[in-house]
Amino acid sequence: MDGYLGIIVIVVVVALLAAGGLFLLFRPGGKGAPPVEPPATIPLPDEKEKRPAGGGEESEGATTTVPPPAPAVEVKPQPEVEVPPPSAGRMVRLRSRLARSQSAFGRGLLELLSRDRLDDEVWDEIEESLITADVGVAPTQVMVEELKTKVKVLGSRTPNEVRGLLREQLLAQVNPDLDRTLHIAKHGERPAVVLVVGVNGTGKTTTTGKLARSLVGDGKKVVLGAADTFRAAAADQLQTWGDRVGAEVVRGPEGGDPASVAFDATAKGMAEKADVVIVDTAGRLHTKTGLMDELGKVKRVIEKKATVDEVLLVLDATTGQNGMRQAQVFAEVVNITGIALTKLDGTAKGGIVISVQRELGVPVKLVGLGEGADDLAPFDPEVFVDAILGDD
């Protein structure tokens with residue numbers, strides 16, 4: 001019995017000691033193990049998305065940053081591609097503009113030739129009128145001698161006869177027999193290449209853009225080469241012309257190698273199976289030999305890939321005989337095949353058509369008769385002469 005009582009006493013003492021230990025452990029202010037924190041709640045995907053952008057969340061010492069929303073991409077509207085009218089008949093439609101600027105010259109000649117008496121003084125006035133109109137000295141002398149002979153044969157002259165005489169002589173000097181066709185036929189898979197040259201300020205880049213527009217209107221696929229890398233706005237200007245009609249423009253860095261751009265444009269034309277590649281060159285001053293040599297280099301580089309079918313010299317018709325000197329220098333560097341006369345509807349003297357063809361031996365193929373996008377026209381000798389003389 002005493003043994004059982006001893007065991008009971010021991011159990012009681014152990015229980016009391018255990019209870020006291022628990023009391024000391026959990027009493028307020030007591031030292032012991034830190035309280036156990038509840039487990040962190042993991043937010044659902046929807047809850048993460050609701051957090052403000054750029055905010056953060058601390059979990060077990062780590063920070064999770066929600067990336068900001070991607071900026072909206074501005075979509076630039078594509079320029080509307082225009083459908084230009086065909087080039088056929090343009091000069092007839094624009095004849096009135098030509099007549100307004102040239103008819104005073106024609107009327108003056110008709111009035112002089114219609115006088116009852118044609119003495120030396122009158123013939124001197126006729127000669128002066130022709131030279132003033134930029135016809136040139138040699139062509140003027142030929143015309144005056146021919147007119148004198150015809151007048152003597154006719155004797156008395158009616159207004160219609162006088163007009164007919166003058167029309168015949170002007171047309172002969174303009175030379176309607178010259179081939180004014182633009183050579184833009186493809187060579188198998190290779191496109192035709194047109195090189196556009198000229199001095200600054202003649203309207204060269206504008207003429208290039210208008211020509212591209214005209215060819216697109218005729219159903220051609222065109223690639224433009226912005227090889228005028230020295231004038232800051234030239235490539236942008238040509239890009240605008242190309243975008244309007246859906247013609248691809250190849251350009252290089254400002255101040256870059258023009259020959260490289262011309263080569264790349266030709267290669268692009270071949271890759272895209274274009275019909276025509278038109279290369280706009282720098283408006284180099286004809287007095288700088290180095291720049292003129294560079295123009296020759298552009299032509300040679302193009303010819304490594306394709307044939308240069310046309311070299312169009314753009315001349316400002318209002319510059320008169322100064323334009324003639326420019327033309328002669330360009331002709332020494334590249335083989336000019338045609339002339340594009342700009343601003344013929346303004347203060348230009350129509351005789352420049354006669355003198356430039358006589359000096360260079362190449363035809364005027366295009367004329368600019370206004371500021372509009374479709375005011376570049378294939379040159380028609382008969383329409384030109386009739387516009388000078390006015391209506392019957």
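Since this is a predicted model, take the numbers as computed values, not measurements. (Residues numbered from 1 in each chain as written. Predicted model: local features only at pLDDT ≥ 70, side-chain atom pairs only at ≥ 80, totals over all residues. Heavy atoms only, no water.)

A. Molecular detail of the pairing of strand 3 (residues 192–197). Most of strand 3 is tucked away: six of the six residues are buried. Here strand 3 shows a buried face lined by A192, V194 and V196 and a second buried face lined by V193, L195 and V197. Note: strand 3 against strand 6 (residues 276–281), five bridges, orientation parallel. Following the sheet pairing, V196 is matched in strand 6 by D280. Inspection of the sheet shows strand 3 paired to strand 7 (residues 308–316) by five bridges, in the parallel sense. Directly across from V194, in strand 7, lies its bridge partner E310. (Buried < 20%, exposed > 50% of the residue type's maximum accessible area, 1.4 Å probe, protein only. Helix = DSSP H or I, 4+ residues; strand = E, 2+ residues; numbered from the N terminus. Pairing = 2+ DSSP bridges.)

B. Geometry of the sheet that holds strand 7. Taken together, eight strands build an open sheet; the order of strands is 5-4-6-3-7-8-9-10 and the sheet is mixed. The open sheet has two edge strands, strand 5 (248–251) and strand 10 (376–378), and neither has a second partner. Taken pair by pair, the neighbouring strands of this sheet meet at an average axis angle of 25°, ignoring direction. Sheet analysis places strand 4 (residues 222–227) next to strand 5, joined by four bridges and oriented parallel. Each residue of the ladder has a partner; that of L224, found in strand 5, is V249. Here helix 9 (residues 234–245) sits on the sheet in contact with strand 4, strand 5 and strand 6, set at roughly 165° to strand 5. Of the strands in this sheet, strand 3, strand 4, strand 5 and strand 6 are in contact with helix 10 (residues 258–271), which crosses strand 4 at around 170°. (Axes fitted to C-alpha atoms, helices over the stretch in contact; angles between N-to-C directions. Contact = heavy atoms within 4.5 Å.)

C. The arrangement of the environment of T132 in detail. Along the chain, the position of T132 falls in helix 5 (residues 120–132). When its relative accessible area of 48% is taken as the criterion, T132 is described as partly exposed. For the pair T132 and K349, spaced 217 residues apart in sequence, the C-alpha separation works out to 7.8 Å.

D. Focus on the environment of R213. Relative to the assigned elements, R213 resides in helix 8 (residues 204–217). On the accessibility criterion, R213 (6% relative accessible area) is buried. Between the C-alpha atom of R213 and that of V83, which follows or precedes it by 130 residues, the distance is 8.7 Å. Here R213 is in contact with E82, P84, W241, R244, V245, A373 and D374, once residues within four sequence places are set aside.

E. Region of the structure containing the side chain of D316. Within the secondary structure layout, D316 lies in strand 7. A residue is classified by how much of its surface remains accessible, and D316, at 9% relative accessible area, is buried. Among the polar contacts listed, one links the side chain of D316 to the side chain of T318, at a separation of 2.6 Å. Each residue touching D316, except ones within four places of it in the same chain, is listed here: G201, T202, T342 and K343. (Polar contact = N/O pair within 3.5 Å; in protein donor to acceptor, adjacent residues only side chain to side chain.)

F. Here's a closer look at helix 13 (residues 352–360). Counting buried positions over the nine residues of helix 13 gives seven, a clear majority of the element. Along helix 13, the residues classified as buried are I352, V353, I354, S355, V356, Q357 and L360.

G. Broad picture of the pairing of strand 9 (residues 364–368). The element strand 9 is largely enclosed, with a buried count of five among its five residues. Bridge count for strand 8 (residues 338–342) against strand 9 is three bridges, and the pairing is parallel. Along strand 9, the bridge assignment pairs L341 with V367. Pairing geometry for strand 9 and strand 10, over three bridges, is antiparallel.

H. Fine view of the confidence of the model for the protein chain. Residue-level pLDDT values for the protein chain average 82, and 77% of them are 70 or greater. Across residues 47–61, where pLDDT falls below 50, the model places 15 contacts with residues more than four positions away in sequence or in other chains. (pLDDT = per-residue confidence, 0-100.)

I. Local environment of the pattern of salt bridges. Following the criterion strictly, the structure yields 22 salt bridges and no others. The partner of R167 in a salt bridge is E382, and the shortest N-O contact between them spans 3.7 Å. Taken together, the positions of R167 in helix 7 (residues 159–174) and E382 in helix 14 (residues 381–389) put the pair 215 residues apart, joining distant regions of the chain. Its relative accessible area of 22% is what places R167 among the partly exposed residues. Looking at E382, the relative accessible area reads 43%, which means it is partly exposed. (Salt bridge = Lys/Arg side-chain N within 4 Å of Asp/Glu carboxyl O.)

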